[in-house]
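# Observations on chain architecture
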Amino acid sequence: MLILWAVMGCGRPERAPDGWPDNGCEAETSAAGSHTHSEESYVLLTTDETELAIGALWPKKTRCAGAIVLVPPGYERGLKLLHGNQAESLAAANVAVISWDPRGRGDSNGNENHNGHVGQDDLAELLRWTADHKNIDPNAVMLYSRSFGGAIAAGALARHSDLQPMLWLDYESPGFLEEDLAYASEYNQENFASVLVDEEDPDAWWGQREPAGFMSEITTPYHRLQGLPDHALGTYIGHARAMLDNATSADELLYNGEHVSTPFDEDDARDNAIAGGLDPTDDTVTDTIIAVFQ
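Residues numbered from 1 in each chain as written. Predicted model: local features only at pLDDT ≥ 70, side-chain atom pairs only at ≥ 80, totals over all residues. Heavy atoms only, no water.

### A look at the state of the cysteines
Between two cysteines, a covalent bond joining their sulfur atoms is known as a disulfide. Following the criterion strictly, the structure yields one disulfide and no others. The disulfide that involves C25 links it to C64, with 2.0 Å between the sulfurs. Of note, the bridge from C25 to C64 carries an S-S torsion of about 70 degrees and is right-handed in sense. You can see C25 sitting in the segment before β1 (37–45) and its partner C64 sitting in the loop between β2 (51–59) and β3 (65–71), a full 39 residues away along the chain. For C64, a relative accessible area of 0% puts it in the buried group. (Disulfide = S-S within 2.5 Å. Helix = DSSP H or I, 4+ residues; strand = E, 2+ residues; numbered from the N terminus. Buried < 20%, exposed > 50% of the residue type's maximum accessible area, 1.4 Å probe, protein only.)

### Let's talk about the side chain of N135
Position of N135 relative to the elements: it lies in the loop between α2 (117–132) and β5 (136–146). Polar contacts involving the side chain of N135 include one to the main-chain carbonyl oxygen of R63, which spans 2.8 Å. (Polar contact = N/O pair within 3.5 Å; in protein donor to acceptor, adjacent residues only side chain to side chain.)

### Concerning the side chain of E172
Its place among the elements puts E172 in the loop between β6 (167–171) and α4 (177–180). For the buried E172, no salt bridge exists, and the shortest N-O distance to an oppositely charged side chain is 6.7 Å, to R224. Here Y171 takes part through its side chain, which lies 3.3 Å from a polar atom of the side chain of E172. Within the structure, the side chain of E172 is placed 2.7 Å from the backbone nitrogen of G227, a separation counted as a polar contact. If we skip the residues at most four places from it in the chain, E172 touches S147, R224, L225, Q226, G227, P229, D230, H231 and L278. (Lys, Arg positive; Asp, Glu negative; His and termini not counted. Salt bridge = Lys/Arg side-chain N within 4 Å of Asp/Glu carboxyl O. Contact = heavy atoms within 4.5 Å.)

### Quick look at the confidence of the model for the protein chain
Summary statistics for the protein chain give a mean pLDDT of 93 and a share of 94% for residues scoring 70 or more. Segment residues 1–9 is flagged for pLDDT under 50; beyond a separation of four residues in sequence, or across chains, it makes 29 contacts in the model. (pLDDT = per-residue confidence, 0-100.)

### Section: the pairing of β2
Residues in a regular strand point their side chains to alternate faces of the sheet. In terms of burial, β2 is a largely internal element, eight of the nine residues being buried. Direction of pairing for β1 relative to β2: antiparallel, over a ladder of nine bridges. Considered in β2, the bridge of Y42 is made with I54. As consecutive antiparallel partners, β1 and β2 are separated by five residues, and within that stretch E49 has a phi angle of approximately 70 degrees, a positive value. Pairing analysis gives four bridges linking β2 to strand β4 (residues 95–100), with the strands arranged antiparallel. Along β4, the bridge assignment pairs I54 with W100. (Pairing = 2+ DSSP bridges.)

### Some thoughts on the sheet that holds strand β9 (residues 253–255)
Read from one edge to the other, the open sheet built from nine strands follows the order β1-β2-β4-β3-β5-β6-β7-β9-β10, with strand pairing classed as mixed. Since the sheet does not close on itself, it has two edges, and those belong to β1 and β10 (258–259), each with one partner. Its contacts with the sheet put helix α3 (residues 149–159) on β3, β5 and β6, and the angle it makes with β5 is roughly 140 degrees. Most of the contacts of helix α10 (residues 283–293) go to β5, to which it runs at about 160 degrees, and overall it touches β3, β4, β5, β6 and β7 (222–225). (Axes fitted to C-alpha atoms, helices over the stretch in contact; angles between N-to-C directions.)

### A few points about unusual backbone geometry
With an omega of 15 degrees, the peptide bond running from L228 to P229 counts as cis. Here P229 lies in the loop between β8 (227–228) and α8 (238–245). Put simply, T262 and P263 share a cis peptide bond, and its omega is 0 degrees. Tracing the backbone through its elements, the reader meets P263 in the loop between β10 and α9 (266–271). At E49, a position not held by glycine, the phi torsion is positive, near 70 degrees. Inspection of the secondary structure assignment puts E49 in the loop between β1 and β2. Residue E49 is classed as partly exposed on the basis of its relative accessible area, which comes to 48%.

Below, the structure is given as structure tokens:
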């Protein structure tokens, strides 16, 4: 008989394990729309003693489920991603939805790291915490990043070899960020310039935040979602090419749902982009995610 989730809710800060769990429960499959859900809050205490605010939408009437960890775009908060049709549809389809406010944002402590190594380490701890939860199948954890959140995702996966998500779904992240910014809005260019004003080593700063620079170290299956125009870079498509072409170690490569291989050139990226652009919360994206868990 199905039982209710046993979740702690917001209370004493929790720590992530040192590595990905070797075993755990096995996720139950269920038809979309069959479950109600509840929202819970947690505090993750990182190895440097920073408290990060985590939120979760839990499917109610099940013993074990897969989970999707959401990475917010830009320098945005992540908890707000739990409040929308996409997150609710995923939870209704028996997928636990996890997100967090990166340090220095929203309800989390610490200083803003602008998606560099510190933020990447935080995501690694969040992924381990998720996989270790007694009601989560560690073999059914997906990572979904949006826009510049791809820098956190790429760095976490490349720099922490124990992480074993079944898939990284990436919505229109930059590739080599410093180069890509030439095609971004003046606002975005000025925003990054203001952050770099006090940096003693700009090259090192960029190096921590270039998603394509991490791709050769990533073995996780990589699925790129890409529309044309891009949400931030317009008709430029070089970032999509760079991400896929550098993913030489990934177990699997998909571009808008189609299997591809390296070398992957700019014509491939442009010809197979979604014409008219793509909303990251579109029903087709949600259905794509749900299908992975079925």
